[in-house]
Amino acid sequence: MTLSKMCIIGLLSWAGLTGQVSATTVQFFGWGGSPQVNQYLQWVSKQTQARYDITVNHVKLADTSDAVTRVLAEKAAGNLANGSIDLLWINGENFAAMKQSHLLLSDWAGQLPNFALTQPDKNPSMRMDFGIATDGQEAPWGKAAMVFYYNQQQLSSPPTSLAELLDFARQHPGRFAYPLPDDFLGISFLKYAALALNPTRQQLLYLPVTDHALTRITQPLFDYLDTLHPLLWQQGEFFVRQASMLQQLFSDNEILLAFSFTAAEIPAAVSRFDLPKATRTYAMSDGSLSNVHFVAIPFNSAWANAAKKVANFLLSPEAQAYKQRLDVWGDETVLAIDTLPEAQQKLFQVQSHSSALAPGAYQKLLAEPHASWAPALRKAWYARYGARL
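In what follows, the accompanying structure is described. Small disclaimer: the values here were computed from a predicted structure and weren't measured. (Residues numbered from 1 in each chain as written. Predicted model: local features only at pLDDT ≥ 70, side-chain atom pairs only at ≥ 80, totals over all residues. Heavy atoms only, no water.)

### Observations regarding the overall build of the protein chain
Consideration 1: Each helix and strand counted, the protein chain has 13 helices and eleven strands in total.
Consideration 2: In terms of overall dimensions, the protein chain is globule-like: its C-alpha atoms have a radius of gyration of 21 Å, near the 21 Å expected for 389 residues.
Consideration 3: Projected onto the principal axes, the alpha-carbon positions of the protein chain cover approximately 65 × 45 × 35 Å.
Consideration 4: The buried share of the protein chain, taken over its 389 residues, is 54%.
Consideration 5: On the protein chain, roughly 17,000 Å² of surface is accessible, and the fraction owed to carbon and sulfur atoms is 51%.
Consideration 6: Distance from the positive charge centre (29 side chains) to the negative charge centre (31 side chains) of the protein chain: 3 Å. (Helix = DSSP H or I, 4+ residues; strand = E, 2+ residues; numbered from the N terminus. Rg over C-alpha atoms; globule rule 2.2 N^0.38 Å. Buried < 20%, exposed > 50% of the residue type's maximum accessible area, 1.4 Å probe, protein only. Areas by Shrake-Rupley, 256 points an atom, 1.4 Å probe, with all protein chains shown as cover. Lys, Arg positive; Asp, Glu negative; His and termini not counted. Charge placed at Lys NZ, Arg CZ, Asp CG, Glu CD.)

### Quick look at the sheet that holds strand S8 (residues 257-260)
Consideration 1: Pairing is antiparallel across the open sheet formed by three strands, whose spatial order is S8-S7-S9. Edge positions in the sheet fall to S8 and strand S9 (279-282), since each has one partner strand and no second. Strand-to-strand twist of the sheet, defined as the mean angle between neighbouring strand axes without regard to direction, takes the value 30 degrees.
Consideration 2: Where strand S7 (residues 147-151) meets S9, four bridges bridge the pair, whose relative direction is antiparallel. Among the inter-strand pairings, Phe148 is bridged to a residue of S9, identified as Tyr282. (Pairing = 2+ DSSP bridges. Axes fitted to C-alpha atoms, helices over the stretch in contact; angles between N-to-C directions.)

### Here's the deal with the pairing of S8
Consideration 1: Neither face of S8 is left uncovered, since the one carrying Leu257 and Phe259 and the one carrying Ala258 and Ser260 both have all their residues buried.
Consideration 2: For S7 and S8, the ladder comprises four bridges, and the chain directions are antiparallel. When the bridges of S8 are listed, Phe148 appears paired with Phe259.

### Overview of the layout of surface pockets
Consideration 1: By volume, the largest pocket amounts to about 1,500 Å³.
Consideration 2: Lining the largest pocket are 50 residues, and of these Trp31, Asp183, Phe184, Leu185 and Ala243 lie nearest its centre.
Consideration 3: When residues of the lining of the largest pocket are traced back to their parent elements, those giving at least two are helix H2 (35-52), strand S3 (87-90), helix H4 (92-100), helix H6 (184-196), helix H8 (243-251), S8 and strand S10 (288-296).
Consideration 4: In terms of residue count, H8 provides more of the lining of the largest pocket than any other element does, six residues in total.
Consideration 5: Of the residues assigned to the lining of the largest pocket, the class counts are 21 nonpolar, 17 polar and twelve charged.
Consideration 6: Taken as a whole, the second largest pocket encloses approximately 1,200 Å³ of empty space. (1 Å grid on protein atoms, 1.4 Å probe; cavity = no way out; pocket = protein on both sides within 12 Å on 5 of 7 lines; lining within 4 Å. Points joined across faces, edges and corners; volume = space filled by probe spheres on them. Nonpolar A, V, L, I, M, F, W, Y, C, P; charged D, E, K, R; others polar.)

### What to know about the pairing of S3
Consideration 1: Every second residue of S3 is oriented toward a common face, with Leu87 and Trp89 on one face and Leu88 and Ile90 on the other, all of them buried.
Consideration 2: Of the pairings in the sheet, the one linking strand S1 (residues 24-31) to S3 comprises two bridges and is parallel in character. By the bridge assignment, Phe29 is partnered in S3 with Leu88.
Consideration 3: Bridge count between S3 and S10: three bridges; the pairing is antiparallel. The residue of S10 that forms the bridge with Ile90 is Phe294.

### What to know about helix H3 (residues 65-76)
One full turn of an α-helix is made of 3.6 residues, so residues set three or four places apart face in the same direction.
Consideration 1: An ideal rise of 1.5 Å per residue puts 16 Å on twelve residues; H3 measures up with 17 Å between its terminal C-alpha atoms.
Consideration 2: Taken together, the buried positions of H3 are occupied by Ala67, Val68, Val71 and Glu74. On an axial view of H3, the arc spanned by its buried residues comes to 125 degrees, and they lie on one face. For H3, the exposed residues set more than 90 degrees away from the buried face come down to Thr69 and Ala76.
Consideration 3: At its buried positions, H3 is contacted by S1, strand S2 (54-61), S3 and H4.
Consideration 4: Looking one or two residues past H3, Gly78 carries a phi angle of roughly 85 degrees, positive in sign. (Expected span 1.5 Å × (residues − 1). Arc of directions from axis to C-beta. Contact = heavy atoms within 4.5 Å.)

### Digging into the environment of Val295
Consideration 1: Within the secondary structure layout, Val295 lies in strand S10.
Consideration 2: Those residues in contact with Val295 that sit more than four places away from it in its chain are Phe28, Leu87, Leu88, Trp89, Trp108, Gln137, Glu138, Ala139, Trp141, Ala311 and Leu314.

### So, the packing of aromatic side chains
Consideration 1: Using the criterion set out here, one finds 26 aromatic pairs in the structure.
Consideration 2: An angle of 65 degrees between the planes, with centres 5.2 Å apart, marks the rings of Tyr178 and Phe239 as edge-to-face. Of the two residues, Tyr178 sits in the loop between helix H5 (162-171) and H6 while Phe239 sits in the loop between helix H7 (211-228) and H8, which places them 61 residues apart along the sequence. When sorted by exposure, Tyr178 lands in the same class as Phe239, which is buried.
Consideration 3: Residue placement shows Lys75 over the ring face of Phe299; its charged tip is 5.8 Å from the ring centre.
Consideration 4: Lys323 extends its terminal NZ or CZ atom over the ring of Trp329, reaching a point 5.5 Å from the ring centre. (Phe/Tyr/Trp six-rings, centres within 6.5 Å; stacked < 30°, edge-to-face > 60°. Lys NZ or Arg CZ within 6 Å of the ring centre and 35° of its normal.)

Right, here's the structure in full:
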């Protein structure tokens, strides 16, 4: 099916919503720890107000699991049609939990006219979240992959693999850190390490976790971490709780090397003078953990049709291009840019910045493991290291 035919079918389905949405406020629940993201969503609200008379109220979360708990409580209380959350920025682990508990609206993402612009038949990641089929319960919003960064005035040759990272830690004890695995970036580091340290067993990580598979995967992982931890910041006896604290340690010159899941976060922080001008971003040669992030609509949203209109706008070339700008957010688009009209393709022209990740820097992208691995790795990590904290 051609892209134009897909768009026509989507528009026919979409036509049923025309006129059904009056002036309203969509309660958008999502992580609120990034100034760039928060400002972008303020721009989104201005755009949807002008276009649809819909205000987007960003309810800032410290942990997305709080929203999952809220929807679950509303369902238990019999609130089946007047929920407090209309649209939710969700990660794969929480999506798996909500899907299993039937907490999400079904079969809506494919109705969005702009969903066709992601070319989902050619890009299966647009319909998969942490190894689980979305079944139309989520709409893709952006893409990201893990990057590392350093100050080139203090470090001339940063490590480019986990093996080199261990050598770096031996040469510079106390100058590297990673957050607790409760934090998204912390568990992401464990997943990256699990994949990189198990090159012949990676397929196990893309299947639902079992006790046997967990033992096989964590043996080399824990051997590595047992050696690394005494060489970490604070000798591995104290771990930062949030990713933002990692950037602060780097800015304060407490650590020489740090990492992020948003490449554009680094040049943006340099432009705000939150990081040194000599900061440089790069990708590891043994792989970069990567994923697509999504938005979902709870099953009991009070304004589901309005939420769909917002989700469709988030997938528009205008909104995707604005989001990708380094001076806005820098979140990579999920659209198949080469299928867009030339005028829209020009919206996505890459901006240059000395601290930005170089084009083509990702040498190997590692897809997210199955959603069941995150809680299993987290639990195993705490069982082994938690008592020492």
